[in-house]
Each structure stands twice: as C-alpha cells, then as structure tokens.
Amino acid sequence: MNNCYQKISRRQFLKLSGCSLALLPAALIATDRAVAQTKAKKEVVQYQDTPKNGQKCVDCILFEAPEACKVVEGKISPDGWCSLFAPKPS
C-alpha cells in the first residue's frame, strides 16, 4: 500500500470536519456577494432607449452619469427607461 495515505484518529477527523464546517458560511457569503454584484440584462428589465410615461433614466436613483446604471449592464441612455425605474427624491 502506498504511503501517501496517513491514518488519522477519529478525534483529528472530527476537528478537521468542524473547521471545515466553520468556514462554510464564509464561502457562501462570498458566493452571494459575487452573484449580487452581477448586473441585470437589458432584456430582463425591459430596457428601452426612450422614456416611458415621462420616466427616464437620468431621473432614476440608479442612473450613473454619463451612460451607466448601478443594476443594469451595458451602455444606458439618459433618456432610456426600464422596469426598475425609481425616481430620485425631490
């Protein structure tokens, strides 16, 4: 038998298992943050390059001048609109 396998005691195995379980929440949080940082596709939020009912991106709290959005990917027109429109406070 090859010596690459070492015998470990039950106590050592349980310690290692416990440490692994303790790190699991940190790994899950990191994964959630990565997913949260991805932006929505234009098609999903019904983005259009023209205003809708007087609402336009430049008046939305998510718009980032000159042509970006905090939550929608790609180039965004200041005169555009999407279903995530949230008006800036007056």
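The protein has the name High-potential iron-sulfur protein in an unreviewed UniProt entry, where Microbulbifer thermotolerans is given as its organism. The annotation that UniProt attaches to the protein under Function (unreviewed entry) is "Specific class of high-redox-potential 4Fe-4S ferredoxins. Functions in anaerobic electron transport in most purple and in some other photosynthetic bacteria and in at least one genus (Paracoccus) of halophilic, denitrifying bacteria."

**Q** If you had to explain the overall build of the protein to someone new, which residues and values would you point to?
**A** Assigned secondary structure in the protein consists of 1 helix and 2 strands. What you see in the protein, going N to C, is helices and strands ordered as α-β-β. Burial status across the protein gives 14% buried among its 90 residues. In the protein, once contacts between residues fewer than 6 apart in sequence are set aside, the share between residues at least 24 apart is 66%. Carbon together with sulfur atoms contributes 58% to the accessible area of the protein, which is approximately 7400 Å² in total.

**Q** Describe the environment of Ile-76, naming the residues involved and giving the relevant values.
**A** Looking at the element boundaries, Ile-76 is found in the segment after strand S2 (68-69). Accessibility expressed as a relative area gives 2% for Ile-76, which makes it buried. Through-space distance from the C-alpha of Ile-76 to that of Cys-57 is 7.8 Å; in sequence the pair is 19 residues apart. Setting aside chain neighbours within four positions, we find Ile-76 in contact with Lys-42, Tyr-47, Cys-57, Phe-63, Pro-66, Glu-67, Ala-68 and Cys-69.

**Q** How would you sum up the pattern of salt bridges? Please name residues and give values.
**A** Per the stated rule, a full pass over the model turns up 2 salt bridges. Of the charged contacts in the structure, one is a salt bridge between Lys-75 and Glu-67, with a shortest N-O distance of 3.6 Å. On the accessibility criterion, Lys-75 (56% relative accessible area) is exposed. Glu-67 gets classed as partly exposed once you look at its relative accessible area, which sits at 37%.

**Q** Describe the state of the cysteines, listing the residues and the values that go with them.
**A** Going through the model one piece at a time under the given rule, you end up with 0 disulfides. Cysteine Cys-57 shares no disulfide, and the gap to the nearest cysteine sulfur, in Cys-82, comes to 6.0 Å. Judged by relative accessible area, which is 10%, Cys-57 ranks as buried. Its sulfur unpaired, Cys-60 is 6.2 Å from the next cysteine sulfur, which belongs to Cys-69. Under the relative-accessibility criterion, Cys-60 is labelled buried at 7%.

The rules behind these values
- Residues numbered from 1 in each chain as written.
- Predicted model: local features only at pLDDT ≥ 70, side-chain atom pairs only at ≥ 80, totals over all residues.
- Heavy atoms only, no water.
- UniProt positions renumbered as here; feature names shortened; annotations may be inferred.
- Helix = DSSP H or I, 4+ residues; strand = E, 2+ residues; numbered from the N terminus.
- Buried < 20%, exposed > 50% of the residue type's maximum accessible area, 1.4 Å probe, protein only.
- Contact = heavy atoms within 4.5 Å.
- Areas by Shrake-Rupley, 256 points an atom, 1.4 Å probe, with all protein chains shown as cover.
- Salt bridge = Lys/Arg side-chain N within 4 Å of Asp/Glu carboxyl O.
- Disulfide = S-S within 2.5 Å.

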